[in-house]
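Observations on the three-dimensional arrangement
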Amino acid sequence: MSTQTTHTWRTATRLLHEARNRTPYSETSDSLFLTSGFVYDSAEQAAATFEGTIDHLQYSRYGNPTVDTLQERLALLEGAEACLATSTGMGAVSCALLSHLKAGDRIVASSALFGSTHWLLSTLLPSYGIETEMIDGRDDEAWDRALSRPTAAVLIETPSNPMLDVLDVQRIADRAHKAGAIFMVDNVFATPVGQRPLDFGADVVIYSCTKHLDGQGRVMGGAVLGSQKWVTEKLQPFARNTGNTLSPFNAWVLLKGLETLDLRARTMAHNAAVVADALATLPGIQRVIYPGRKDHPQAALVKKQMRDGGSMIAFDVVNGKKGAFACMNSFEIISISNNLGDARSLVTHPATTTHKKLTEEERAALRITDGSIRFSVGLEDPEDLISEVTRGAQAALAVGS
Ligand SMILES: *Cc1c(COP(=O)(O)O)cnc(C)c1O
């Protein structure tokens, strides 16, 4: 669906008042069309619909009003011409890659990738005859080398999972375009209200809506945003014919989530900043990585391309895996879960869960240690979270004595 706005409203307002698509019943909330199909007034109307001479809904795998409203609102929020909603975040990543690439093509990506995305690049794409190269995304010379050959696509995540590297979207966009590549950014960690990759030259933005967009642990979903031409010609036929479709119910839940996205993202980023500063003062904590802190390796870049530091922290405790497990097991409020972006604070131990499949060398290259914990900061009172991590740090210290 194509979208345009002439409004000058700010983000929080737009999330509530753009792309309303009210039905004749004048409902306050967004309407939910929980239907798989649509009926025609006549055989002629059905024929004309399939002919493409009239605009009529056919089948929810092709289009549904609730899903369309979500797509429209996400496109307006992102500043993109078009959006396609998918069943999950991985549905979005796989659809973006597989609809664009063909055998003989080449893709270059930063190696700090979400686990399933890493599998797509390391295992699936090569089996389809697509050449993959993964490089350290922070290394300009590595980009120059990798993009000295014609390349069909470039993919990055920033901030990256789990160690929160921040990559320069503008610099990578310039290099990608010189190599003839479409440039895709997985913007899950930053959220659409925290970072706008299209403003810095990205062509495609990808989301797992499961994370902050729902943000309340309810539904899975994904979205891909880009130019109208690319979405219509590449993405849409692929998604429609392979069945990578978002349920209208999930779309409706996500629309409710979007109403509070800006509010939640701001509060979570505030809480994360307060908790990261507290963590950095605690005995038992060896390292704190938070994009909003002055000591983040790419602090200047964070200022340039992000609104705030986001809701994710990575920290290392003393005493390796034993210390990390003791710390996590001491938590009462913070739950152990590999999800993120939720209203409730969540922690995960990447070395034994999300990044277990990597070799020790690959983990070391990403700077994931046995003591590393990824912390998705939620909406609890930050003072309570500080009490939790203080107890966690003491627990990590205690296993060494
Ligand atoms: C969660 C996540 C995905 C995949 O999303 P799902 O909704 O779990 O399929 C992709 N990229 C990043 C960065 C993620 O955090």
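Residues numbered from 1 in each chain as written. Predicted model: local features only at pLDDT ≥ 70, side-chain atom pairs only at ≥ 80, totals over all residues. Heavy atoms only, no water.

Observations concerning the domain arrangement of the chain
Looking at the chain, the domain boundaries give domain 1 (11-259) and domain 2 (262-399). One C-alpha centre belongs to domain 1, the other to domain 2; they are set 27 Å apart. Tallying the contact residues gives 36 residues for domain 1 and 34 residues for domain 2. Across the domain 1 to domain 2 interface the summed buried area is about 2900 Å²; carbon plus sulfur atoms make up 57%. (Domains from an automatic or database assignment. Contact = heavy atoms within 4.5 Å. Buried area = accessible area lost by both parts, 1.4 Å probe.)

So, empty space enclosed by the protein
Inspection of the entire model under this criterion finds two cavities of 30 Å³ or more. The volume enclosed by the largest cavity comes to roughly 70 Å³. Looking at the largest cavity, it is lined by 13 residues, and the ones nearest its centre are Ala 190, Thr 191, Ala 265, Asp 308 and Gly 310. Looking at the lining of the largest cavity residue by residue, the classes come out as six nonpolar, five polar and two charged. Mapping the lining of the largest cavity onto the domain boundaries places at least three of its residues in each of domain 1 (11-259) and domain 2 (262-399). Of the pockets and cavities examined, the second largest cavity occupies roughly 30 Å³. Around the second largest cavity, the lining residues are Pro 159, Leu 164, Phe 189, Pro 291, Gly 309, Gly 310, Ser 311 and Met 312. For the lining of the second largest cavity, the per-class residue count stands at five nonpolar, three polar and no charged. (1 Å grid on protein atoms, 1.4 Å probe; cavity = no way out; pocket = protein on both sides within 12 Å on 5 of 7 lines; lining within 4 Å. Points joined across faces, edges and corners; volume = space filled by probe spheres on them. Nonpolar A, V, L, I, M, F, W, Y, C, P; charged D, E, K, R; others polar.)

A short note on the packing of aromatic side chains
For the structure on display, the rule yields two aromatic pairs. Seen in terms of ring centroids, Phe 315 and Phe 375 are 6.3 Å apart; in terms of plane orientation they differ by 70 degrees. Their pairing is edge-to-face. You can see Phe 315 sitting in strand 9 (residues 312-317) and its partner Phe 375 sitting in strand 12 (residues 372-376), a full 60 residues away along the chain. Judged by its relative accessible area of 1%, Phe 315 falls in the buried class. (Phe/Tyr/Trp six-rings, centres within 6.5 Å; stacked < 30°, edge-to-face > 60°. Helix = DSSP H or I, 4+ residues; strand = E, 2+ residues; numbered from the N terminus. Buried < 20%, exposed > 50% of the residue type's maximum accessible area, 1.4 Å probe, protein only.)

Some thoughts on the packing of helix 4 (residues 89-100) against helix 8 (residues 228-242)
Taken N-terminus to C-terminus, the directions of helix 4 and helix 8 make an angle of 110 degrees; their axes are 9 Å apart at the nearest point. Between helix 4 and helix 8, the angle falls in the class roughly perpendicular. Handedness of the crossing formed by helix 4 with helix 8: right-handed. Between helix 4, through Cys 95, Ala 96, Leu 98, Ser 99 and His 100, and helix 8, the contact on the second element is made entirely by Trp 230, Lys 234, Leu 235, Phe 238 and Ala 239. (Axes fitted to C-alpha atoms, helices over the stretch in contact; angles between N-to-C directions. Parallel < 35°, antiparallel > 145°, perpendicular 65-115°, else oblique. Left-handed = near helix turned anticlockwise from the far one by under 90°.)

Focus: the layout of surface pockets
Looking at the largest pocket, its volume works out to about 670 Å³. Around the largest pocket, the lining is made up of 34 residues, and of these Phe 114, Gly 115, Ser 116, Thr 117 and Thr 354 lie nearest the centre. Among the secondary structure elements, those contributing two or more residues to the lining of the largest pocket are helix 4, helix 5 (115-127) and strand 6 (204-208). Per-element accounting of the lining of the largest pocket gives the leading share, six residues, to helix 5. Grouping the amino acids of the lining of the largest pocket by side-chain chemistry returns 12 nonpolar, 16 polar and six charged. Residue assignment places the lining of the largest pocket across two domains, with domain 1 (11-259) and domain 2 (262-399) each supplying three or more. Computed from the structure, the second largest pocket encloses a volume of approximately 580 Å³. Surrounding the second largest pocket, 27 residues form its lining, Tyr 62, Gly 63, Asp 68, Gln 236 and Arg 240 being those nearest its centre. Every element with two or more residues in the lining of the second largest pocket is listed here: helix 3 (65-78), strand 1 (82-86) and helix 8. By residue number, the principal contributor to the lining of the second largest pocket is helix 8, which donates five residues. Split into classes, the residues belonging to the lining of the second largest pocket amount to nine nonpolar, 14 polar and four charged.

A word on the pairing of strand 5 (residues 182-186)
Counting buried positions along strand 5 gives five out of five residues, so the element sits mostly inside the fold. Burial along strand 5 is two-sided: Ile 182, Met 184 and Asp 186 facing one way and Phe 183 and Val 185 facing the other are all buried. As paired elements, strand 4 (residues 153-157) and strand 5 share five bridges and run parallel to each other. When the sheet's bridge partners are listed, Ile 156 is paired in strand 5 with Val 185. Of the crossover connections in this fold, the one passing from strand 4 over helix 7 (residues 169-178) to the parallel strand 5 is right-handed. (Pairing = 2+ DSSP bridges. Right-handed = clockwise from strand over helix to strand, strands pointing away.)

Let's talk about a negative patch on the surface
On the surface, Glu 360, Glu 361, Glu 362 and Asp 370 cluster together into a patch of negative charge. By relative accessible area, which is 45% here, Asp 370 ends up partly exposed. (Patch = residues over 30% accessible without salt bridge, like charges linked within 9 Å, V, L, I, M, F, W, Y side chains within 5 Å. Areas by Shrake-Rupley, 256 points an atom, 1.4 Å probe, with all protein chains shown as cover. Salt bridge = Lys/Arg side-chain N within 4 Å of Asp/Glu carboxyl O. Lys, Arg positive; Asp, Glu negative; His and termini not counted. Charge placed at Lys NZ, Arg CZ, Asp CG, Glu CD.)

Topic: the sheet that holds strand 6
One open sheet holds the seven strands; their spatial order is 1-7-6-5-4-2-3, and the pairing between them is mixed. Where the open sheet ends on each side, the last strands, each with one partner, are strand 1 and strand 3 (131-135). Mean inter-strand twist for the sheet, computed between neighbouring axes without regard to direction, equals 20 degrees. Note that strand 1 and strand 7 (residues 222-226) share five bridges and pair antiparallel. Pairing of Thr 86 across the sheet is with Gly 222, part of strand 7. Here helix 5 sits on the sheet in contact with strand 2 (106-110), strand 3 and strand 4, set at roughly 150 degrees to strand 3.

Considerations on the environment of Ala 251
Structurally, Ala 251 is set in helix 9 (residues 248-259). For Ala 251, a relative accessible area of 0% corresponds to the buried category. Put simply, Ala 251 and Arg 266 are 15 residues apart on the chain and 23 Å apart in space, counted from C-alpha to C-alpha. In this structure Ala 251 touches Thr 66, Val 67, Leu 70 and Leu 246, once residues within four positions along its chain are discounted.

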